[in-house]
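Observations on chain architecture
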Amino acid sequence: MIRIIFPLIVCIATLVSNTAAAQGAEIADDAPDSYTVVKGDTLWGISGRFLKQPWRWPEVWRMNRDQIRNPHLIYPGQIVHLDRSGPWLSIGKRLGIDKRLPQIYEETLGNELPSIPLNVIEPFLNKPLVVDEARLQGAATIIATETNRVFTGTGDTVFAKNVSDDADVWQIFRPATPLNDPITGEIVAYEAAYLGAARVSERSDPVTLEIVDSVEEIGVGDLMLPSERPNVFSFVPHAPENPVDGRVMSIYRGVAETGRLNVVSLNVGERDGIERGHVLALYRNRGIAEYKEDGVKETYQLPEKRYGLVFVFRTFERVSYALVMDSDGQVSIADGARKP
């Protein structure tokens, strides 16, 4: 009897907690009863068909937390069903599959659904790099090129110092743009210019490397850091547990304004509790208004307006990169980024 009752208690507790979480999610006005997943869909986009707040999809999927963290379980051809009583979203069988008959199921690798559009953020998963003074001081450095060429490219050999033994593939970069806090003006970090990648070919002194990729000319004095590639498929949208008071610090490509599905940097990072998957609300700074009456001037700070959402996909100590997912108007530098 105990073996029966204990799992029952766990199931009831899970159902109660999930129901409480789902109560805050609202169904979109034009939500369909079901939707068939197609190639190119994202979990955010699919959830946006059903929910007014698509970033809350982990709360309403009728799957356990481990499954939700692994969107590989959702593929094109599957049918997403909406149960309006929750609301709940659930996955039905794929089109053309009859589970009553024994058959072999075959999947094509790479068809699993990402949380957000990978083609937009892929260049940012390992570049641009954000480095602070400490990392600049400890970075590996190219000290010579083969045959003393001034600049090198893909397929060429270079020699470097301070190359540790814990990595074979290295990113080559050149410190370029300082990232300034939009409020204080302080240099928070440096956004490095990505030049290419090199692979260790001989552990000598100095270390010998072959350039395996280059987007710009590479020369003596350029720096290197171990290559990193985060696992984007584990990014699950969720709100920070604690309050966040951040600002849009820069917009990629140096423009002053941007919009949906563009990348911005924020002046908050890991030391502020920011992690990959965090969803933050954007607030527009409406500025200061001056009102004159009878020769008397009054100044008013206008209230901010919430106008969009960003999805954090890469973090550093004091900086994070986020993708603008929703925006009612232009995103501008110094706009607020806070817990939704």
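Here, every reference points to the structure presented above.
Read on for a plain summary of the structure. Only a predicted model underlies this, so the values are computations on that prediction, with no experimental measurement involved.

1. A closer look at the overall build of the chain
- Assigned secondary structure in the chain consists of six helices and 22 strands.
- Put simply, the chain has 340 residues, and 42% of those count as buried.
- In the chain, once contacts between residues fewer than 6 apart in sequence are set aside, the share between residues at least 24 apart is 67%.
- Per element, the accessible surface of the chain, about 18500 Å² overall, is 50% carbon and sulfur.

2. Details of the sheet that holds strand E22 (residues 336-338)
- Spatially, six strands are ordered E13-E15-E20-E19-E16-E22 in a closed barrel, and the strand pairing comes out antiparallel. In this sheet, neighbouring strand axes are inclined to one another by 45° on average, regardless of whether the strands run parallel or antiparallel.
- Where strand E15 (residues 263-266) meets strand E20 (residues 320-327), four bridges bridge the pair, whose relative direction is antiparallel. Among the inter-strand pairings, leucine 266 is bridged to a residue of E20, identified as serine 320.

3. Re the pattern of salt bridges
- Per the stated rule, a full pass over the model turns up twelve salt bridges.
- We note a salt bridge from aspartate 29 to lysine 52, for which the minimum N-O separation is 3.6 Å. One end of the pair, aspartate 29, is in the loop between helix H1 (2-22) and strand E1 (34-36); the other, lysine 52, is in the loop between helix H2 (43-50) and helix H3 (57-60), with 23 residues separating them in the sequence.
- A relative accessible area of 44% places lysine 52 in the partly exposed class.
- Beyond isolated ion pairs, a larger network of salt bridges with shared partners links Glu26, Asp29 and Lys52.

4. Focus on the nonpolar core
- Trp44, Ile116, Val130, Phe311, Phe313, Val319 and Leu323 are the most contacted members of the largest nonpolar core, which totals 24 residues.
- Counting residues per element, the ones that place at least two in this core are strand E9 (187-202), strand E16 (279-284), strand E19 (305-315) and E20.
- Looking at which domains feed residues into this core, each of domain 2 (124-226) and domain 3 (245-338) gives three or more.
- Excluding residues within four positions of it along the chain, valine 130 makes contact with Arg135, Leu179, Ala189, Tyr190, Phe316, Val319 and Tyr321.

5. Things to note about the packing of aromatic side chains
- As enumerated under the stated definition, the model contains two aromatic pairs in all.
- A centroid spacing of 5.9 Å and a plane angle of 70° characterise the contact between tryptophan 44 and phenylalanine 311, whose relative ring orientation is edge-to-face. In this pair, tryptophan 44 sits in helix H2 while phenylalanine 311 sits in strand E19, placing the two residues 267 residues apart along the sequence.
- A relative accessible area of 0% means that phenylalanine 311 is categorised as buried.
- Their ring planes at 75° and their centres at 6.3 Å tell us that phenylalanine 316 and tyrosine 321 sit as a pair that is edge-to-face.

6. A few points about a nonpolar patch on the surface
- Together, Tyr291, Tyr300 and Leu302 make up an exposed nonpolar region whose accessible area comes to about 290 Å².
- Its location among the elements puts tyrosine 300 in strand E18 (residues 296-301).
- Note on tyrosine 300: relative accessible area 43%, which makes it partly exposed.

7. Details of the pairing of strand E10 (residues 207-214)
- By the bridge criterion, four bridges tie strand E7 (residues 157-161) to E10 in an arrangement that is antiparallel. Residue alanine 160 lies in a different strand from E10, and its bridge partner there is valine 207.
- Direction of pairing for E9 relative to E10: antiparallel, over a ladder of six bridges. Along E10, the bridge assignment pairs alanine 198 with isoleucine 211.
- The antiparallel hairpin formed by E9 and E10 contains four residues in its connecting segment.

Reading the values: the criteria
Note that residues are indexed from 1 along each chain, following the sequence as it is written. With the structure being a predicted model, the display of local features is reserved for residues of pLDDT at least 70 and the display and counting of side-chain atom pairs for 80 or more, all residues being used for whole-chain, interface and lining totals. Where side-chain values are given, they derive from all heavy atoms of the structure, hydrogens and water being excluded. Every helix listed is a DSSP run of H or I at least four residues long, and every strand listed is a run of E at least two residues long, numbered separately from the N terminus. Burial classification: accessible surface area is computed with a 1.4 Å probe over protein chains only, and a residue below 20% of its type maximum counts as buried, one above 50% as exposed, and the rest as partly exposed. Whether two residues touch is decided by their heavy atoms; if any such pair falls within 4.5 Å, the residues are in contact. In these tables, accessible area is a Shrake-Rupley quantity obtained with a 1.4 Å probe, and a residue counts as shielded only by the protein chains included in the view. Any two strands with at least two DSSP-identified bridges between them are counted as paired. A fitted line through C-alpha atoms serves as each axis, taken over the contacting stretch for helices, and the angle formed by two N-to-C directions is quoted from 0 to 180°. Put simply, a salt bridge is a Lys or Arg side-chain nitrogen that is within 4 Å of an Asp or Glu carboxyl oxygen. Joining through side-chain atoms within 4.5 Å is the link that ties buried Ala, Val, Leu, Ile, Met, Phe, Trp, Tyr and Cys residues into a set, and such a set is a nonpolar core. Where each domain begins and ends follows an automated or database-derived domain assignment. Stacked, tilted and edge-to-face are the three classes applied to pairs of Phe, Tyr and Trp rings, where Trp contributes its six-membered ring and a pair requires centres within 6.5 Å; stacked means planes under 30 degrees apart, edge-to-face means over 60, and tilted covers the rest. Exposure above 30% relative accessible area and the absence of a salt bridge qualify a residue for a patch, where like charges join within 9 Å and nonpolar side chains (Val, Leu, Ile, Met, Phe, Trp, Tyr) within 5 Å.

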